[in-house]
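Secondary and tertiary structure notes
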Amino acid sequence: MASAGWLLRDMAFDGLPRRAAGLGGVLVHPAHRGQGIARTVISVAVEHARAAGAETMLLLCRPDLVPLYTRLGWSRLSVPVTVRQPGGARTSPLSTMIYDLAGLPHPAISVDLRGLPF
């Protein structure tokens, strides 16, 4: 009825290394939406990422889902986010949401995922 995945990776925030987790694949079957299931699977993914050593979580998000993640405590980043693609590095066209796990500052210049999007 629902799923979410996450990936732990060393990324660069303002050029400095940070152990971060990318959240992706958050899905809830249409018949079960509006019951708080997304909140549950996201919070479980966050706690698993925290236990694995992530300092921050990121999510590449469609604009229509930004309000949902904002309600869940995520913040929208306004810096460019670089992702790797088969053709080379690109700036992500999606909104990037961030969730702090360790009291670290949000990036002020840029984020480099140092890999494919999640």
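See the structure shown above.
Below you will find a few notes about this structure. Predicted model only: the values in this text are computed from it and were never measured. (Residues numbered from 1 in each chain as written. Predicted model: local features only at pLDDT ≥ 70, side-chain atom pairs only at ≥ 80, totals over all residues. Heavy atoms only, no water.)

So, about the sheet that holds strand β1 (residues 2-13). Taken together, eight strands build an open sheet; the order of strands is β4-β7-β3-β2-β1-β8-β5-β6 and the sheet is mixed. With partners counted over all chains shown, the strands left at the sheet margins are β4 (75-76) and β6 (88-91), one partner each. Pairing analysis gives two bridges linking strand β5 (residues 81-85) to strand β8 (residues 111-112), with the strands arranged parallel. Bridge assignment links Val-81 to a residue of β8, and that residue is Val-111. Contacts between helix α1 (residues 37-51) and the sheet are confined to β1, β2 (16-28), β3 (56-61) and β7 (95-100), with β1 contributing the most and set at about 40° to the helix. (Pairing = 2+ DSSP bridges. Helix = DSSP H or I, 4+ residues; strand = E, 2+ residues; numbered from the N terminus. Contact = heavy atoms within 4.5 Å. Axes fitted to C-alpha atoms, helices over the stretch in contact; angles between N-to-C directions.)

Right, let's get into the side chain of Thr-56. Looking at where Thr-56 falls in the secondary structure, it is placed in strand β3. Within the structure, Thr-56 has its side chain in polar contact with the side chain of Arg-18 (distance 3.0 Å). Among all residues touching Thr-56, those that are not within four sequence positions of it are Phe-13, Arg-18, Arg-19, Ala-20, Ala-21, Ile-98, Tyr-99, Asp-100 and Leu-101. (Polar contact = N/O pair within 3.5 Å; in protein donor to acceptor, adjacent residues only side chain to side chain.)

Now for the pairing of β5. A regular strand places its side chains on the two faces of the sheet in alternate fashion. Sheet analysis places β5 next to β6, joined by four bridges and oriented antiparallel. Its bridge partner being in β6, Thr-82 is matched across the sheet by Thr-91. The antiparallel pairing of β5 with β6 creates a hairpin that spans two residues between the two strands.

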